[in-house]
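# Structural description and commentary
Residue strings, one per chain:
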Amino acid sequence: MVPTDDDNSVIRDSGLPPRSVTKGFEMAAESAVSPQDGKTGKAVRFSGKEKGGAGAPNDAALSAQLAAEKGGQGLKPVTKSAKTMSKAERREQQERQRAEKAKRLAEKQPGSAALAGFAAHHSQASTPDMKQPSPNASSLRVATTMRLDDPRKRSKAQKQQSVDRQLAQKPVGLFSHLPQYEKHDNIQARLKKQENIHPLVLALGLKYQNFTITGGNARCVAMLEAFKRVISDYATPPGTSLPRHLPSVISKQVDLLSNTRVLAASMKTAIRALKKEISVISVDASDEEAKSQLIGKIEEFRLERIDGPGTLIAQDAYTQRKIKDDDIILTFGRSSTVLKVLLYAHAQGKKFKVIVADGRPKLEGKEMLKSLVEAGIKCGYVLSSAVPLLMKEVNKVFIGASAVLGNGAVLSRVGTAVVCNAAKERQVPVIVVCETYKFLDETRLDSFTWNEIGNPDELVDVSNRGPSEYPLHHSIKPAKQQSAGTLAPWRSLDQLKLLNLHYDVTPAHFITALICEHGTVPSTCALSIARIQADKTANDF
């Protein structure tokens, strides 16, 4: 190729890229000449055999080489519009802008250097012409109630609450992502809107908060009975229909109950089933027919998913000889399902002894002990700290569950994992009895990601009375009015914080067997049972 005098582009041979690559570069001088080497003064010729390369340099490398060699001679790039840029030039510009943005972010926020590096890495690795979602996008979605360490999420959650609650004065930083509030006795005075809350639901919420009603089954049954009353007293407003308006009324009642205590897994299952049944009611049905149908479905749910399975579990445990004569059985806290199993075996003539282990501050095992003694069963009572010492005399461990997770782990009252760990060390079988409507398809590996945080003042109470033994409208007295303890002035000590957790997670390898209404299964079958029950609820209820 022979250069001409009127050619104002660089001299290049036939193997070089097209002119559009260097067209944006011009000399500062008025006369357009070919770029010259700074030492020899000769015209610069680019060939495709630079630094061992077999072909022509790419667009970005050629532009960078020109800018570097002519930086001192007034050679400046001309800004192009997006329409005149080639695809390669647009890609280069977008990558450069992302890198500059990541650099500015790192300079403004020194603590987020890792985040800036992450953004810069993905800006180079991703394709700029296509916006692809992150493969982990779905796993990063967390419930709002588990992101309260973010001030914006916490403010949003407080605005959506039906009860005006005061944040804890001394929250525990490790659980800052979970709600931590001060205990209030008068819920009605803190309601933002009282006209939409049924009085029976309001009284039920107060019983939940004071632990007058405890246990997943008992709380679910009480809620369903309250919903029957709500549906019975409901009147469809003009201009709408029951299937469209009633779910919003139920949601307001549920919101109040969730502000008094965290909803149990059993309650969530019942609420989903109820709303599913409301949605399939015909809009042409009269209010009386629709309400009668819903009340019948609620009674059916209680019979088929709560009361009936409890009886089947007790019969299955007896027929499979899970309880034998002269057995020493240990249980922890109070479980209505475990109580049914033990009472049924005793009614069938089995002679055994039960050791009830208990833990503060709830001391729920006292109610379990009272029921067993009234039935004529020989019992013993110990605190959870003495369980490892007595485990050598125990033949079996029966525990209840608030929920059975998809990975086979068991969510139950705090202290259950300690008891199961002690049984595992002594190779004592651990049998979990639980209805299938408490089986969940979610997975939890620890007790930190999700938990319910109770009133820290309960830990100060060193009396032998559990929270459920106090009168309904009686709050726990300050520690100074009770027997003096070392935790009495905890609120005035800046370095002392109290944490009252309600649940813990027992790993699946601590569990020997699960007994549900379908029979005795290993803990590895929990996820399959949860999905089967979810499909059954969607189709039947």
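Residues numbered from 1 in each chain as written. Predicted model: local features only at pLDDT ≥ 70, side-chain atom pairs only at ≥ 80, totals over all residues. Heavy atoms only, no water.

## Topic: the overall build of the protein chain
Basically, it comes down to this: Secondary structure elements follow DSSP: runs of H or I no shorter than four residues count as helices, runs of E no shorter than two count as strands, and numbering proceeds from the N terminus. Per-residue accessibility, obtained with a 1.4 Å probe over protein chains only, is compared with the maximum for each type, and a residue is labelled buried under 20%, exposed over 50%, and partly exposed between these values. Contacts were defined at the residue level, with two residues in contact if any of their heavy atoms lie within 4.5 Å. Methods summary: accessible areas were calculated by the Shrake-Rupley approach with a probe of 1.4 Å, and residue burial reflects only the protein chains presented.
In terms of regular secondary structure, the protein chain is built from 14 helices and 14 strands. Counting the 541 residues in the protein chain, one finds 42% classified as buried. For the protein chain, the share of sequence-separated contacts (at least 6 apart) that also reach a separation of at least 24 residues comes to 75%. A total accessible area of about 29,600 Å² is found for the protein chain, and carbon and sulfur atoms account for 52% of it.

## Comments concerning helix H6 (residues 216-233)
As a reminder, the rule being used: To estimate how far a helix should reach, multiply one less than its number of residues by 1.5 Å.
With 18 residues, H6 should cover 26 Å at 1.5 Å per step; its first-to-last C-alpha distance of 26 Å lies within 8% of that length. When you tally the buried positions in H6, you get 13 out of 18 residues, the bulk of the element.

## Some details on empty space enclosed by the protein
Note the cut-off: Think of a 1 Å grid over just the protein atoms. A cavity is a set of points where a 1.4 Å probe fits yet cannot get out, a pocket is an open set with protein on both sides within 12 Å along at least five of seven lines, and lining residues have an atom within 4 Å of a point. Grid points are joined across faces, edges and corners, and a volume is the space filled by probe spheres set on the points. Under the scheme applied here, ten amino acids are nonpolar (Ala, Val, Leu, Ile, Met, Phe, Trp, Tyr, Cys and Pro), four are charged (Asp, Glu, Lys and Arg), and all others, including Gly, are polar.
Following the criterion strictly, the structure yields five cavities of 30 Å³ or more and no others. Volume-wise, the largest cavity comes out at about 110 Å³. Lining the largest cavity are 15 residues, and of these Ala168, Lys170, Gln180, Pro456 and Leu498 sit closest to its centre. Along the lines of polarity and charge, the residues of the lining of the largest cavity split into nine nonpolar, three polar and three charged.

## Structural notes on the sheet that holds strand E12 (residues 503-506)
For the record, the criterion: Strand pairing is defined by DSSP finding a minimum of two bridges between the two strands.
Here three strands make up an open sheet; going across it, the order is E9-E10-E12 and the pairing antiparallel. Each edge of the open sheet is held by one strand with a lone partner, namely strand E9 (403-404) and E12. Both strand E10 (residues 410-413) and E12 contribute to a ladder of four bridges, which runs antiparallel. Bridge pairing links Val410 to Thr506 in E12.

## Brief notes about the nonpolar core
Going by this rule: Here, the term nonpolar core denotes a set of buried Ala, Val, Leu, Ile, Met, Phe, Trp, Tyr and Cys residues that are joined through side-chain atoms within 4.5 Å.
In this structure, Met223 and Leu246 are the most contacted members of the largest nonpolar core, which totals 38 residues. In this structure Leu246 touches Ile231, Tyr234, Ile278 and Leu294, once residues within four positions along its chain are discounted. With 30 residues, the next largest nonpolar core counts Phe332, Ala357, Val432 and Cys516 among its residues.

## A word on the confidence of the model for the protein chain
Note the threshold: Every residue is assigned a pLDDT by the predictor, reflecting its confidence on a scale from 0 to 100.
Per-residue pLDDT for the protein chain has a mean of 79; in total, 67% of the residues score no lower than 70. Counting contacts from residues 37-57, a segment whose pLDDT is below 50, to residues more than four positions away or on other chains yields 35 contacts. Across residues 110-142 the pLDDT falls below 50, and counting only partners more than four positions away or on other chains, this stretch makes 15 contacts in the model.

## Some thoughts on the environment of Lys252
Here Lys252 shows up in helix H7 (residues 242-260). With relative accessibility at 34%, the residue Lys252 sits in the partly exposed group. If near-sequence neighbours (up to four positions away) are discounted, Lys252 is found in contact with Asn196 and Ile197.

## Considering the packing of aromatic side chains
The condition that has to hold: Only centres within 6.5 Å qualify two rings of Phe, Tyr or Trp (six-membered ring in Trp) as a pair; their planes then separate them into stacked at under 30 degrees, edge-to-face at over 60, and tilted for everything else. To sit over a ring, a charge needs its Lys NZ or Arg CZ within 6 Å of the ring centre and within 35 degrees of the ring normal.
Enumeration over the complete set of coordinates arrives at four aromatic pairs. Considering the side-chain rings of Phe175 and Phe448, the 5.5 Å spacing of their centres and the 20 degrees angle between planes classify their relative orientation as stacked. You can see Phe175 sitting in the loop between helix H4 (151-160) and helix H5 (199-209) and its partner Phe448 sitting in the loop between strand E11 (430-433) and E12, a full 273 residues away along the chain. Overall, the relative accessible area of 43% leaves Phe448 in the partly exposed class. Between the aromatic rings of Tyr318 and Tyr344, the centroid separation amounts to 5.9 Å while the plane-to-plane angle is 80 degrees, which identifies the pairing as edge-to-face. Within this pair, whereas Tyr318 is found in helix H9 (residues 287-319), its partner Tyr344 is found in helix H10 (residues 336-347), the two being separated by 26 residues in sequence. Classification of Tyr318 as partly exposed rests on a relative accessible area of 24%. Taking the ring centre of Tyr208 as reference, the NZ or CZ of Arg219 above it sits at 5.1 Å. One Lys or Arg, Arg444, reaches over the ring of Trp450 and ends 4.5 Å from the middle of that ring.

## Here we look at the side chain of Gln533
Going by this rule: Throughout this description, a polar contact denotes any pair of N or O atoms lying within 3.5 Å of each other; where both atoms belong to protein, one of them has to be capable of donating a hydrogen while the other can accept it, and for residues adjacent in sequence the pair is counted only when both atoms sit in side chains.
Locating Gln533 in the fold gives a position in helix H14 (residues 526-540). Judged by its relative accessible area of 5%, Gln533 falls in the buried class. One polar contact links Gln533 to Thr436, side chain to side chain, over a distance of 3.5 Å. Those residues within four positions of Gln533 in sequence are excluded, and the remaining contacts are Arg305, Thr436 and His518.

## Considerations on the pattern of salt bridges
Note the threshold: Throughout this description, the term salt bridge denotes a Lys or Arg side-chain nitrogen within 4 Å of a carboxyl oxygen of Asp or Glu.
Evaluation of the coordinates by the stated rule reveals 16 salt bridges. Where Glu299 meets Lys228, a salt bridge forms, and the shortest distance between an N and an O atom there is 3.2 Å. With Glu299 in helix H9 and Lys228 in helix H6, this residue pair connects regions lying 71 residues apart in the sequence. Where salt bridges share partners, they join Glu225, Lys228, Glu299, Arg302 and Asp307 into one cluster.

## Comments concerning the packing of H6 against H7
Definition in use: Between the N-to-C directions of two axes lies an angle of 0 to 180 degrees, each axis being a line fitted to C-alpha atoms and, for a helix, fitted only over the stretch in contact. Roughly parallel means an angle under 35 degrees; roughly antiparallel means over 145; roughly perpendicular covers 65 to 115; every other angle is labelled oblique. Handedness of each helix crossing follows the sense of rotation of the near helix against the far helix: counterclockwise by less than a right angle gives left-handed, clockwise gives right-handed.
In contact at an axis separation of 11 Å, H6 and H7 are set at 140 degrees when each is read in the N-to-C sense. One finds that H6 runs oblique with respect to H7. The crossing of H6 and H7 is right-handed. Along its contact with H6, which presents Met223, Phe227, Val230 and Ile231, the element H7 presents Leu246, Val249, Ile250, Gln253, Val254 and Leu257. Taken together, the residues of the contact of H6 with H7 sort by class into nine nonpolar, one polar and no charged.

## Focus: H5
The α-helix advances 3.6 residues per turn, and as a result positions three or four apart in sequence lie on the same side. Residues of H5 that are buried: Val201, Leu202, Leu204, Gly205, Leu206, Tyr208 and Gln209. Contact partners of the buried residues in H5: H6, H7 and helix H8 (265-279).

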